[in-house]
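One letter stands for each residue in the lines below.
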Amino acid sequence: MSATSSTGSLACVGIGIMLGSHITPLARSHIQTADVVFVAVSDGIVELWLKEMHADVRSLQPFYAEGKRRTQTYREMVDAILTEVRAGKRVCAVFYGHPGVFAWAPHQAIKMARAEGYQAHMEPGISSEDCLYADLGIDPGSIGCQHFDTTQFMLYRRQVDPSAWLILWQVGLAGEQTGHRFATGPAHRQVLVDVLARNYPGDHEVIVYRAATLPTQAPRMEHMPLARLVGADLDGADTLAVPPSRPLQDDPEIQARLAALDDATGVASGAPGPIPA
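Residues numbered from 1 in each chain as written. Predicted model: local features only at pLDDT ≥ 70, side-chain atom pairs only at ≥ 80, totals over all residues. Heavy atoms only, no water.

A.B. asks: Any details on the overall build of the protein? Residues and values, ideally.
C.D. replies: Scanning the protein for helices and strands turns up 9 helices and 10 strands. The C-alpha extent of the protein, read off along each of the three principal axes, is 65 × 55 × 35 Å. Here the protein, with 277 residues, has 43% of them falling under the buried criterion. Taking the intrachain contacts of the protein between residues at least 6 apart in sequence as the baseline, contacts between residues at least 24 apart amount to 64%. Approximately 14400 Å² of the protein is accessible, and the part contributed by carbon and sulfur atoms is 54%. Each charge class in the protein can be summarised by its mean position, and for the 22 positive and 30 negative side chains these summaries are 8 Å apart. (Helix = DSSP H or I, 4+ residues; strand = E, 2+ residues; numbered from the N terminus. Buried < 20%, exposed > 50% of the residue type's maximum accessible area, 1.4 Å probe, protein only. Contact = heavy atoms within 4.5 Å. Areas by Shrake-Rupley, 256 points an atom, 1.4 Å probe, with all protein chains shown as cover. Lys, Arg positive; Asp, Glu negative; His and termini not counted. Charge placed at Lys NZ, Arg CZ, Asp CG, Glu CD.)

Below is the structure:
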């Protein structure tokens, strides 16, 4: 490896979900001090905003095309990013939300860059998950929270706990396995409802959620019975939040063992459950 090429570096940064509101000072610094900036963001307005920070901002959106497999698109994104790293440039790749959440290209680009001897790292950002907790008023530490990609959840038998929240990401892509489509229809969502019906009744209220990306927008927080999800208007940006359908179940044996340990050490036992932070 030449001395010139070894000077290349890569920083994959997240700018959060809301335009201008979620970017960290460190992410902004990486953007402004890079030689070249690649962007994969949620809105053309966000691209224009980033172009005000740097003279050489290159959109990754043109790699998407109708009928083209998303895996091919992601590989081409990685190739474009690494081409500039190998040329000895300081590269910043900007992704909306958190660059490590539901994002294959940043992980792969960092992995390949490091394998080739370049400095590469990831800076976290505010994700849709963070926005969901704030908008829906969910504390994942209160009763627990399970997260799955919707299609993966459908394809494999996951152990679902109906006493905790269930969060299904990219619900608008439910059952998508071709790599070509950006949304599926009612027939695929019916399969999802049938899977969820193993643990939840058809009249159980669920929430379709989508974080706001612009200050002028409001988040989508649409409550509906599970059965009505089949006919809902959904796309890949939507998330399904399923509240618990039953209360937490006590484990008397474990509770008794823990109480005995506390008694043996002279510590008074309180009500079962975690102590709030």
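A.B. asks: Quick rundown of the environment of P162? Include the residues and the values.
C.D. replies: Within the fold, P162 resides in the loop between α7 (150-155) and β7 (165-169). Sequence separation between P162 and D235 is 73 residues, and the spatial gap between their C-alpha atoms is 25 Å. Not counting chain neighbours up to four residues away, the residues in contact with P162 comprise N199, Y200, P244, S245 and R246.

A.B. asks: Give a description of helix α9 (residues 252-264) that names residues and reports values.
C.D. replies: In this model α9 runs 18 Å from its N-terminal to its C-terminal C-alpha over 13 residues, within 8% of the 18 Å that 1.5 Å per residue would give. In the segment just after α9, G266 is the residue with positive phi, at about 75 degrees. (Expected span 1.5 Å × (residues − 1).)

A.B. asks: Which residues make up the nonpolar core, and what values go with them?
C.D. replies: Among the nonpolar cores identified, the biggest contains 23 residues, and F153, L166, L168, L192, L196, L229 and L240 are the most heavily contacted of them. Of all the elements in the fold, those that place two or more residues in this core are α7, β7, α8 (186-196), β8 (205-210) and β10 (239-242). In terms of residue count, the dominant contributor to this core is α8 (4 residues). Setting aside residues no more than four positions away along its own chain, L166 makes contact with Q146, F148, F153, L196, Y200, L240, A241 and V242. Among the nonpolar cores identified, the runner-up in size contains 21 residues, and A40, M77, A105 and Y118 belong to it. (Core = buried A, V, L, I, M, F, W, Y, C linked by side-chain atoms within 4.5 Å.)

A.B. asks: Report on a nonpolar patch on the surface, specifying residues and quantitative values.
C.D. replies: Taken together, the side chains of I254, L258 and L261 make up a nonpolar region of the molecular surface, amounting to roughly 280 Å² of accessible area. On the secondary structure map, L261 appears in helix α9. A relative accessible area of 54% means that L261 is categorised as exposed. (Patch = residues over 30% accessible without salt bridge, like charges linked within 9 Å, V, L, I, M, F, W, Y side chains within 5 Å. Salt bridge = Lys/Arg side-chain N within 4 Å of Asp/Glu carboxyl O.)

A.B. asks: Tell me about the packing of aromatic side chains, and please be specific about residues and values.
C.D. replies: Under the definition given, this model contains 3 aromatic pairs. Between Y64 and Y74 the ring centres are 6.4 Å apart and the planes differ by 85 degrees, which places this aromatic pair in the edge-to-face class. One end of the pair, Y64, is in the loop between β3 (57-59) and α3 (70-86); the other, Y74, is in helix α3, with 10 residues separating them in the sequence. Among the residues examined, Y74 registers a relative accessible area of 23% and is labelled partly exposed. Here F102 and W169 contribute two aromatic rings whose centre-to-centre distance is 6.1 Å and whose plane-to-plane angle is 50 degrees, an arrangement assigned as tilted. (Phe/Tyr/Trp six-rings, centres within 6.5 Å; stacked < 30°, edge-to-face > 60°.)

A.B. asks: A description of the sheet that holds strand β4 (residues 90-95) should follow, citing residues and the corresponding values.
C.D. replies: Across the sheet, 5 strands lie side by side as β3-β2-β4-β1-β5; this open sheet has parallel pairing. At either end of the open sheet lies a strand with only one pairing partner, and these are β3 and β5 (119-123). Here the strands of the sheet are splayed against their neighbours by 20 degrees on average, with no regard to which way each runs. By the bridge criterion, 6 bridges tie strand β1 (residues 9-14) to β4 in an arrangement that is parallel. What sits directly across from L10, in β4, is V91. Contacts from helix α4 (residues 104-115) reach β1, β4 and β5 within the one sheet, and its direction differs from that of β5 by about 155 degrees. (Pairing = 2+ DSSP bridges. Axes fitted to C-alpha atoms, helices over the stretch in contact; angles between N-to-C directions.)

Everything listed is a geometric property; what it means functionally is a separate question.
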